[in-house]
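Each chain, written out:
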Amino acid sequence: MEQREQQEQQARQQKVRSGNLRTGLILASIAVVFFVGIFVKRMWFS
Amino acid sequence: MSSTTVDHAHDHSHGHGHDDHHGAPHGWRRWLFATNHKDIGTLYLWFSFTMFLMGGVLALMIRTELFQPGLQFFNPEFFNQLTTMHGLMMVFGAIMPAFVGFANWMIPLQIGASDMAFARMNNFSFWLLPPAAILLAGSFFVPGGAPAAGWTIYAPLSTQMGMGMDMGIFALHIMGASSIMGSINIITTILNMRAPGMTLMKMPMFCWTWLITAYLLIAVMPVLAGAITMTLTDRHFGTTFFNAAGGGDPVMFQHIFWFFGHPEVYIMILPAFGIVSHVVPTFARKPLFGYASMVYATSSIAILSFIVWAHHMFTTGMPVTAQLFFMYATMLIAVPTGVKVFNWIATMWRGSMTFETPMLFAVGFIFVFTMGGFTGLILAVTPIDIQMQDTYYVVAHFHYVLVAGSLFAMFSGFYYWAPKWTGHMYNETSGKIHFWASIITFNITFFPMHFLGLAGMPRRIADYPAQFTDFNQIATIGAFGFGLSQVYFLFFVIIPTIRGGKQAEAKPWDGAEGLEWTVPSPAPFHTFEEPPEVK
């Protein structure tokens, strides 16, 4: 019983971790787009 | 609806011995390898307080020179370094990291999370800061001295200075990277790790304001990084982004900088709004008035902050239509800000108010920040701004917003949450002395600057005509009083509270609401390993 609870908890934690990684990567890509975007704007669109 | 109740049947994470069963690491390893959000929060707070004192010393050097007309102690070049480094240290070293410290400590506790989403990245975010601070402060000791182009590091000044400017730019890069990582961590933690039942509209206001602030940071810090990278390539790799001789445009630097810089102002004030939105209801013993409108007002301020940047640049010359657009857009920000001030006052209306130190600082914040807001509104009017640009009126305005705004809110937050952090109650008399000394000396320092600015005294100049002497002397005396008040805060409030004092209860404030008050004081090393259920 306790082992099953532990397994469920681990699965839950794993799900949260992968969700966190996905959110983190999306946010990091937004930051990269803004950083690169300012160069693109300045070099080719001004 | 901001208040939350906890289903204790599901909350196994507090009040039990097993909270500490992993134990806290000891010695220097605890801090160097810290992944615990509370430890990292503590590191951020100490770092920012150190930078606050360093920036404060620079401010006192500025005020010492300005005590009398003429050049007494420093030459104009060094004076420019002082103003620049004071601004950079306070903005990037003190205020921003301090709020990240508050976020690290309080967000997981307020949403019922066991820690931040990316604990190791959290460690990295913090430990990037000391090298950046050393680079920044070390620039005083290299040939040519520290950056002296103002905290805005406008081109072409910034493309011409010595290696101190390179050190400053690298420091900003590192601090920016730290901020972006911190923001990613905060957003991910808030979006993915809230306790079951804690919907977004049940979330504490401090978390809401930080969520919005973190989005702002992710959007604008890379823009600053881009601008200073271009400055760096202009300096060393022959590009001419901001060099008119090569087809570049120095005014473009100002546009890019202020596209970062204006949201930055809100980055430094929105978390302050969050803190005050906790303190006022607690000591008025009423729920926050207009919780939903507070959330929408915060979001509106954040969105509007992206379309007002050129109000910092009215004197660079721009079409009248642009002047009108930026003037009206800036004035529009007064609406959601007014909603917030109204809500705080409405929360206090007919409340059972008591004035412990956190509440004193919160009420002081509302009073003095509103004055700073009004002078901001005056500066938004283009023809007035063209007259007031780069005068002491602007210096008075932004110190009313950033010192009486951000700093007083942080003091309020410190007194409010210190019992949870340290396990001890601070000494109320010492807290009140700190408050009254701070608010009186703050106004002695900065209120006369309005008159100096209106009379035409320019900022960032080491000398001034004799007619400005009286107000400058008052300001300098006030500044030393304010500095002493903060030394008093360190030695008579912070250190005694950490070392001992009356044991704090889990919920030391009877009107307080929220999950952070359900864990013992001091908060155990591990909290909410099993998420509580919020009803």
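Residues numbered from 1 in each chain as written. Chains lettered and ligands numbered in written order. Predicted model: local features only at pLDDT ≥ 70, side-chain atom pairs only at ≥ 80, totals over all residues. Heavy atoms only, no water.

**What to know about the overall build of chain B**
Step number 1: On a plain count of helices and strands, chain B comes out with 17 helices and two strands.
Step number 2: For a compact globule of 535 residues, the expected C-alpha radius of gyration is about 24 Å, and chain B comes in at 23 Å, within 12% of that figure.
Step number 3: Scored against the burial criterion, the 535 residues of chain B give a buried share of 61%.
Step number 4: Restricting the contact set of chain B to residue pairs at least 6 apart, pairs at least 24 apart contribute 83%.
Step number 5: When the accessible surface of chain B is summed, it comes to about 19500 Å², and 70% of that surface belongs to carbon and sulfur atoms.
Step number 6: Taking the 20 positively charged and 25 negatively charged side chains of chain B as two groups, their mean positions are separated by 6 Å. (Helix = DSSP H or I, 4+ residues; strand = E, 2+ residues; numbered from the N terminus. Rg over C-alpha atoms; globule rule 2.2 N^0.38 Å. Buried < 20%, exposed > 50% of the residue type's maximum accessible area, 1.4 Å probe, protein only. Contact = heavy atoms within 4.5 Å. Areas by Shrake-Rupley, 256 points an atom, 1.4 Å probe, with all protein chains shown as cover. Lys, Arg positive; Asp, Glu negative; His and termini not counted. Charge placed at Lys NZ, Arg CZ, Asp CG, Glu CD.)

**Let's talk about the interface of chain B and chain A**
Step number 1: Counting residues at the interface gives 26 residues for chain B, matched by 17 residues for chain A.
Step number 2: With both chains or domains summed, chain B and chain A bury close to 1700 Å², and 75% of this area falls on carbon and sulfur atoms.
Step number 3: Where chain B touches chain A, the interface holds zero salt bridges.
Step number 4: Between chain B and chain A we count five residue pairs in polar contact (both at pLDDT 80 or more) in total.
Step number 5: Here the element with the most residues in the side of chain B that touches chain A is helix α7 (residues 205-236) of chain B; it accounts for nine residues.
Step number 6: Grouping the constituent residues of the side of chain B that touches chain A by class yields 18 nonpolar, five polar and three charged. (Buried area = accessible area lost by both parts, 1.4 Å probe. Salt bridge = Lys/Arg side-chain N within 4 Å of Asp/Glu carboxyl O. Polar contact = N/O pair within 3.5 Å; in protein donor to acceptor, adjacent residues only side chain to side chain. Nonpolar A, V, L, I, M, F, W, Y, C, P; charged D, E, K, R; others polar.)

**Brief notes about the pattern of salt bridges**
Residue and element names in this part refer to chain B.
Step number 1: Summed over the entire model, instances satisfying the criterion amount to four salt bridges over all chains.
Step number 2: Of the charged contacts, one joins D510 and R285 as a salt bridge, the two residues approaching to 3.2 Å between their closest N and O atoms. Within this pair, whereas D510 is found in the loop between α17 (469-499) and β2 (533-534), its partner R285 is found in the loop between α9 (270-284) and α10 (291-304), the two being separated by 225 residues in sequence.
Step number 3: For D510, a relative accessible area of 57% puts it in the exposed group.

**Comments concerning empty space enclosed by the protein**
Residue and element names in this part refer to chain B.
Step number 1: Across all of its chains, the model carries two cavities of 30 Å³ or more by this definition.
Step number 2: Around the largest cavity sit Y44, F92, M96, P97, V100, L129, M175, S178 and S179, which together line it.
Step number 3: Of all the secondary-structure elements, those providing two or more residues to the lining of the largest cavity are α3 (76-111) and α6 (163-192).
Step number 4: Considered class by class, the residues forming the lining of the largest cavity number seven nonpolar, two polar and no charged.
Step number 5: Of the volumes computed, that of the second largest cavity is approximately 30 Å³.
Step number 6: Around the second largest cavity, the lining residues are M96, F99, V100, W210, T213, L217, I267 and P271.
Step number 7: Counting only elements with at least two residues in the lining of the second largest cavity, the list comes to α3 and α7.
Step number 8: Taken together, the residues of the lining of the second largest cavity sort by class into seven nonpolar, one polar and no charged. (1 Å grid on protein atoms, 1.4 Å probe; cavity = no way out; pocket = protein on both sides within 12 Å on 5 of 7 lines; lining within 4 Å. Points joined across faces, edges and corners; volume = space filled by probe spheres on them.)

**What to know about the environment of B:F367**
Step number 1: Counting through the fold element by element, B:F367 comes out in helix α13 (residues 357-380).
Step number 2: Separated by 37 residues in sequence, B:F367 and B:A404 place their C-alpha atoms 8.9 Å apart.

**Describing the packing of helix α12 (residues 334-348) of chain B against α13(B)**
All names here are of chain B.
Step number 1: Taken N-terminus to C-terminus, the directions of α12 and α13 make an angle of 155°; their axes are 11 Å apart at the nearest point. Between α12 and α13, the crossing angle belongs to the class labelled roughly antiparallel. Pair α12 / α13 crosses with left-handed handedness. Counted together, A334, T337, V341, W344 and M348 of α12 and M359, V363, F365, I366, F369, T370 and L377 of α13 form the full contact between these two elements.
Step number 2: Counted by class, the contact of α12 with α13 contains 10 nonpolar, two polar and no charged residues. (Axes fitted to C-alpha atoms, helices over the stretch in contact; angles between N-to-C directions. Parallel < 35°, antiparallel > 145°, perpendicular 65-115°, else oblique. Left-handed = near helix turned anticlockwise from the far one by under 90°.)

**Let's talk about unusual backbone geometry**
Residue and element names in this part refer to chain B.
Step number 1: Here the bond from A155 into P156 is cis, since omega is 10°, no more than 30 degrees from zero.
Step number 2: You can see P156 is positioned in the loop between α5 (129-138) and α6.
Step number 3: Cis geometry is found at the peptide bond from S521 to P522, where omega equals -5°.
Step number 4: Within the element layout of this structure, P522 appears in the loop between α17 and β2.
Step number 5: Although it is not a glycine, I153 adopts a positive phi angle of roughly 35°.

**As for the packing of α9(B) against helix α15 (residues 392-422) of chain B**
All names here are of chain B.
Step number 1: Where α9 meets α15, the axes come as close as 9 Å, and the angle between the chain directions of the two elements is 50°. Classified by the angle between their axes, α9 and α15 sit oblique to one another. Judged by the sense of rotation from one axis to the other, the crossing of α9 with α15 is left-handed. Packed against α9, whose contacting residues are A272, I275, V276, H278, V279, T282 and F283, the element α15 presents G405, S406, A409, M410, S412, G413, Y416 and W417 at the interface.
Step number 2: Looking at the contact of α9 with α15 residue by residue, the classes come out as nine nonpolar, six polar and no charged.

**Some thoughts on the environment of B:F49**
Residue and element names in this part refer to chain B.
Step number 1: Its place among the elements puts F49 in helix α2 (residues 37-65).
Step number 2: For F49 and G93, which are 44 residues apart along the polypeptide, the C-alpha to C-alpha distance reads 8.9 Å.
Step number 3: Every residue in contact with F49, bar those within four places of it in the chain, is listed here: Q486, F489, L490 and I494.

**Re α3(B)**
Residues and elements named next belong to chain B.
Step number 1: End to end, α3 covers 50 Å across 36 residues, agreeing with the expected 52 Å (1.5 Å per residue, within 8%).
Step number 2: The sharpest bend along α3 comes to roughly 35°, located at M90.
Step number 3: Most of α3 is tucked away, with 32 of its 36 residues classed as buried.
Step number 4: Remark: G112 follows α3 within two positions and exhibits a positive phi of approximately 75°. (Expected span 1.5 Å × (residues − 1). Bend = angle between axes of the 7 residues up to and from the residue.)

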